[in-house]
Amino acid sequence: MDETSLLADLASPDASQRRAAFRLVFQSHGPELRGFLQRAGAGPETDDLLQETFLRAYRALASRPPTTLRAWLFGIARNLLIDHARRRERQGKVFRLLPPQEAPVEGQDPERAARVRAGLAGLGSEERLLLLQRYGAATPLRELAAASDCTERTVRNRLQRALEHLTTSMLRSSGANL
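Model, not experiment: these values are computed from the prediction. (Residues numbered from 1 in each chain as written. Predicted model: local features only at pLDDT ≥ 70, side-chain atom pairs only at ≥ 80, totals over all residues. Heavy atoms only, no water.)

Visitor: Sorry if this is basic, but what is going on with the packing of helix α7 (residues 141–148) against helix α8 (residues 152–173) here?
Guide: When two helices pack together, their arrangement is given by the angle between the helix axes and by the axis-to-axis distance. Between α7 and α8, the shortest axis-to-axis distance is 8 Å and the interhelical angle comes to 100 degrees. On the basis of the axis angle, α7 is roughly perpendicular to α8. Facing α7, whose interface residues are Leu 141, Arg 142, Leu 144, Ala 145 and Ser 148, α8 presents Glu 152, Val 155, Arg 156, Arg 158 and Leu 159. Partitioning the contact of α7 with α8 into residue classes produces five nonpolar, one polar and four charged. (Axes fitted to C-alpha atoms, helices over the stretch in contact; angles between N-to-C directions. Helix = DSSP H or I, 4+ residues; strand = E, 2+ residues; numbered from the N terminus. Parallel < 35°, antiparallel > 145°, perpendicular 65-115°, else oblique. Contact = heavy atoms within 4.5 Å. Nonpolar A, V, L, I, M, F, W, Y, C, P; charged D, E, K, R; others polar.)

In structure tokens, the structure reads:
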């Protein structure tokens, strides 16, 4: 089923048609969102945040239907991650939106991967999530703009700043003089 038909079914007055369409949304976008949440460092809370993403999406269908499903879902997941991190910080618990230590991908330099993880640790959560969405989940600029309710140019500018901050953070974590 194409996205236009799926969006129409999600807006249907027939509840069973809406539920069936939403099941398809979950099946097609759930694994990718789970991967994003895991790469963002949600750890044991990954499945809870995934469930909450889809719950909020389902509840919001009537009041704020999406124009692009993928961007809309990633926007909800991103906002949940940020809210969750803030809540954990207020509770005095450590919750880092950071990719977990992973075995290196074949052909990937493990030292470089460690430097990137250390560099990401030095960024704010919003910059870190933006970089993970763009480069970790290969989210197109158009979808990032839609999820953030801003223009593609704004997203490009934010990515540019985040990459500059990542470079600085990586240099600091490696002990290089700036």
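Visitor: Got a minute to help me understand the environment of His 165 in this structure?
Guide: Topologically, His 165 is positioned in helix α8. By relative accessible area, which is 38% here, His 165 ends up partly exposed. Not counting the four nearest positions on each side in its chain, His 165 is found in contact with Leu 123 and Glu 127. (Buried < 20%, exposed > 50% of the residue type's maximum accessible area, 1.4 Å probe, protein only.)

Visitor: Sorry if this is basic, but what is going on with the confidence of the model for the chain here?
Guide: Atomic detail in the predicted coordinates should be set aside for any region of low pLDDT. In this model, the chain carries an average pLDDT of 81, and 87% of its residues clear a pLDDT of 70 or more. Mean pLDDT across the elements of the chain bottoms out in helix α5 (residues 110–121) (77) and peaks in helix α3 (residues 46–60) (92). Segment residues 94–105 is flagged for pLDDT under 50; beyond a separation of four residues in sequence, or across chains, it makes 39 contacts in the model. (pLDDT = per-residue confidence, 0-100.)

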